[in-house]
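Understanding the architecture of this molecule
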Amino acid sequence: MHIAILTFEGYNELDSLIALGVLNRIKKPGWRVSIASPTERVRSMNGVVIESMATLDEASAADAVLVGSGSQTREVVADQALMARLRLDPSRQLLAGQCSGTLILAKLGLLNGVPACTDLTTKPWVQAAGVDVLNQPLFAKGNIATAGGCLASPYLAAWMIARLESVEAAEEALYYVAPVGEREDYVARAMGNISPYLHDATVPA
């Protein structure tokens, strides 16, 4: 099981790295979570440099792909050569867009007729791409989910865990990262946002 977190220059640490941490709460042989970037290293919007763990080709072949956000997402979607390297397919992958990552999914034509969630800054750009934006933290239809707001990234990670492993595993991952003294309430609220989108869903082949 390979989950790739697409992470570009100017990435938002809260989106890529929180998702990385939550997804890695699953400790199973063969469960792999990678930061996938177009270059060997990328610098965050706040100057944090990290090394890529997977190529974009590997991400395109992954079982699940979470598209992170950042301050240079509009430059990413304007780069036709880069966008052509993102061969994502919800018929064989789980796909998730975090904040401005939703814009990348929209520009790839993966949100046609599907409403989505994103952050307030990205909202007009996603709307201009022809996608209705919802005022909620997470929405999913079939094998595609989107989330809005940096602190919705644990929700998106938990949605992936619930789909790829189990609801119980998602709850345990959220419980581990939740604030002490608030764990039960936090998990209940998070799962309340995720659970409506787990019914009649099947893992892509």
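**Section: the overall build of the chain**
- Of regular secondary structure, the chain possesses 9 helices and 8 strands.
- Relative to its length of 205 residues, the chain is compact, with a C-alpha radius of gyration of 15 Å against a globular reference of 17 Å.
- Counting only C-alpha atoms and orienting by the principal axes, one finds that the chain spans roughly 45 × 35 × 35 Å.
- Counting the 205 residues in the chain, one finds 52% classified as buried.
- As presented, the chain carries roughly 9,300 Å² of accessible surface, and 50% of it is formed by carbon and sulfur atoms.
- On the chain, the mean spot of the 16 positive side-chain charges and the mean spot of the 21 negative ones are 3 Å from each other.

**With respect to the pattern of salt bridges**
- This model, assessed by the stated rule, comprises 6 salt bridges.
- Ionic pairing is found between Arg 32 and Glu 58, a salt bridge with its closest N-O pair at 3.7 Å. In this pair, Arg 32 is assigned in strand β2 (residues 32-36) and Glu 58 in helix α2 (residues 56-60), connecting sequence segments 26 residues apart.
- Judged by relative accessible area, Arg 32 falls into the partly exposed class, the value being 34%.
- Residue Glu 51 pairs with Arg 41 through a salt bridge whose shortest N-O separation is 3.4 Å.

**Section: the packing of aromatic side chains**
- Taken as a whole and assessed by the stated rule, the structure comprises 1 aromatic pair.
- Considering the side-chain rings of Phe 139 and Tyr 197, the 5.3 Å spacing of their centres and the 65° angle between planes classify their relative orientation as edge-to-face. Taken together, the positions of Phe 139 in strand β7 (residues 138-141) and Tyr 197 in the segment after α9 (183-194) put the pair 58 residues apart, joining distant regions of the chain. Comparing Phe 139 with Tyr 197, the two get one shared label, buried.
- When the ring centre of Tyr 176 is taken as reference, the NZ or CZ atom of Arg 25 above it lies at 3.4 Å.

**Topic: the side chain of Thr 73**
- With respect to the helices and strands, the residue Thr 73 is situated in helix α3 (residues 73-78).
- Judged by relative accessible area, Thr 73 falls into the buried class, the value being 6%.
- Leave out the neighbours within four places in its chain, and Thr 73 touches Ser 100, Leu 103 and Ile 104.

So, how was this worked out
- Residues numbered from 1 in each chain as written.
- Predicted model: local features only at pLDDT ≥ 70, side-chain atom pairs only at ≥ 80, totals over all residues.
- Heavy atoms only, no water.
- Helix = DSSP H or I, 4+ residues; strand = E, 2+ residues; numbered from the N terminus.
- Rg over C-alpha atoms; globule rule 2.2 N^0.38 Å.
- Buried < 20%, exposed > 50% of the residue type's maximum accessible area, 1.4 Å probe, protein only.
- Areas by Shrake-Rupley, 256 points an atom, 1.4 Å probe, with all protein chains shown as cover.
- Lys, Arg positive; Asp, Glu negative; His and termini not counted.
- Charge placed at Lys NZ, Arg CZ, Asp CG, Glu CD.
- Salt bridge = Lys/Arg side-chain N within 4 Å of Asp/Glu carboxyl O.
- Phe/Tyr/Trp six-rings, centres within 6.5 Å; stacked < 30°, edge-to-face > 60°.
- Lys NZ or Arg CZ within 6 Å of the ring centre and 35° of its normal.
- Contact = heavy atoms within 4.5 Å.

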